[in-house]
Amino acid sequence: MAEAIVDGSGIFVPARRIPVPITISTQAQGILSSIPELGHEPFPPMADVEAWGSYIDKTNKAIIGFTKQQAQTYPAKVASHKLSFSNLYESTPENLDPERDDFAILYLHGGGFIMGGGDAAIYAAWPIASLARTRIYSLDYRMIPEHPYPAALDDAVEA
């Protein structure tokens, strides 16, 4: 096994394969086994906004494809609400529990505040809404590099 390399800029850990756990449900194993390859490109230089845009667009396409495919098992109706600077997507699962009609979840999508917005923010929320049998509000917050900190935080507080 290759060892980590430490230099003045950080720690490099060589790539390795992590097996899908056999101790989780077959459904969870299937989901983990079907995650698409997002690439192994290094992050662009911090100051190269154009390169970041390209990197983010490429990765978002893969994320949207994966989340849309997974969401088909958990259908929901979506309404969009315009906030001051972002969109808040309200997803109501087809299996909404009438006793939970007054409940809601606020979902802030993953992606390190640089990716995972737009349609991915909608589709990633559907399984959660369906499993909780309640309405979910998924925030498509502003992201870097176009909108530096604290834009995403401000959007989350407004939501």
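You'll find the structure just up there.
Computed from a prediction, not measured in an experiment: that's the story for all the values here.

Caption draft 1: Geometry of the overall build of the chain. Each helix and strand counted, the chain has four helices and six strands in total. Written out in order from the N terminus, the α and β elements of the chain read β-β-α-α-β-β-β-α-β-α. Overall, the C-alpha framework of the chain stretches about 55 × 45 × 20 Å when taken along its three principal axes. A total of 159 residues make up the chain; the buried ones form 33% of that total. The long-range share in the chain, meaning contacts at least 24 apart out of those at least 6 apart in sequence, stands at 62%. In the chain, the 11 positive side-chain charges and the 19 negative ones have mean positions that sit 6 Å from each other.

Caption draft 2: A look at the sheet that holds strand S3 (residues 76-82). Pairing is mixed in the open sheet, where four strands are placed in the order S3-S4-S6-S5. If you trace the sheet from one side to the other, it starts and ends with S3 and strand S5 (104-108), each paired once. Pairs of neighbouring strands in the sheet enclose a mean axial angle of 25 degrees, with direction left out of account. The sheet contact formed by S3 and strand S4 (residues 87-93) spans seven bridges and is antiparallel. Pairing of lysine 82 across the sheet is with asparagine 87, part of S4.

Caption draft 3: Region of the structure containing the environment of proline 98. Looking at where proline 98 falls in the secondary structure, it is placed in the loop between S4 and S5. Taking the C-alpha atoms as reference, proline 98 lies 8.8 Å from arginine 133; in sequence the two are 35 residues apart.

Caption draft 4: Looking closely at the pattern of salt bridges. All told, the structure shown has four salt bridges when counted by the stated rule. For the salt bridge of glutamate 90 with arginine 135, the shortest nitrogen-to-oxygen distance reads 3.1 Å. Within this pair, whereas glutamate 90 is found in strand S4, its partner arginine 135 is found in strand S6 (residues 135-140), the two being separated by 45 residues in sequence. The class for glutamate 90 is buried, based on a relative accessible area of 16%. One salt bridge connects arginine 100 with aspartate 97, and the closest N-O pair in it is separated by 3.9 Å. Connected through salt bridges with shared partners, the residues Glu90, Asp101 and Arg135 form a single ionic network.

Caption draft 5: Up close: the environment of alanine 76. Residue position: alanine 76 is located in strand S3. For alanine 76, a relative accessible area of 15% translates into the label buried. A sequence separation of 54 residues divides alanine 76 from serine 130, and the C-alpha atoms of the two residues are 7.8 Å apart. With residues near it in sequence (within four places) discarded, alanine 76 still touches Ser91, Thr92, Pro93, Glu94 and Trp126.

Caption draft 6: Representation of helix H4 (residues 151-158) in the model. Turning to H4, its buried residues number three or more, namely Ala151, Ala152, Asp155 and Ala156. The arc enclosing the buried residues of H4, seen along the axis, measures out at 135 degrees, which places them on a common side. Tucked into the core, H4 has its buried residues touching S5 and S6.

Caption draft 7: Here's a closer look at helix H2 (residues 49-71). The terminal C-alpha atoms of H2 lie 31 Å apart, and with 23 residues this matches the ideal 33 Å at 1.5 Å per residue to within 8%. Against the buried residues of H2 lie helix H1 (26-33) and helix H3 (119-132).

What counts and what doesn't
- Residues numbered from 1 in each chain as written.
- Predicted model: local features only at pLDDT ≥ 70, side-chain atom pairs only at ≥ 80, totals over all residues.
- Heavy atoms only, no water.
- Helix = DSSP H or I, 4+ residues; strand = E, 2+ residues; numbered from the N terminus.
- Buried < 20%, exposed > 50% of the residue type's maximum accessible area, 1.4 Å probe, protein only.
- Contact = heavy atoms within 4.5 Å.
- Lys, Arg positive; Asp, Glu negative; His and termini not counted.
- Charge placed at Lys NZ, Arg CZ, Asp CG, Glu CD.
- Pairing = 2+ DSSP bridges.
- Axes fitted to C-alpha atoms, helices over the stretch in contact; angles between N-to-C directions.
- Salt bridge = Lys/Arg side-chain N within 4 Å of Asp/Glu carboxyl O.
- Arc of directions from axis to C-beta.
- Expected span 1.5 Å × (residues − 1).

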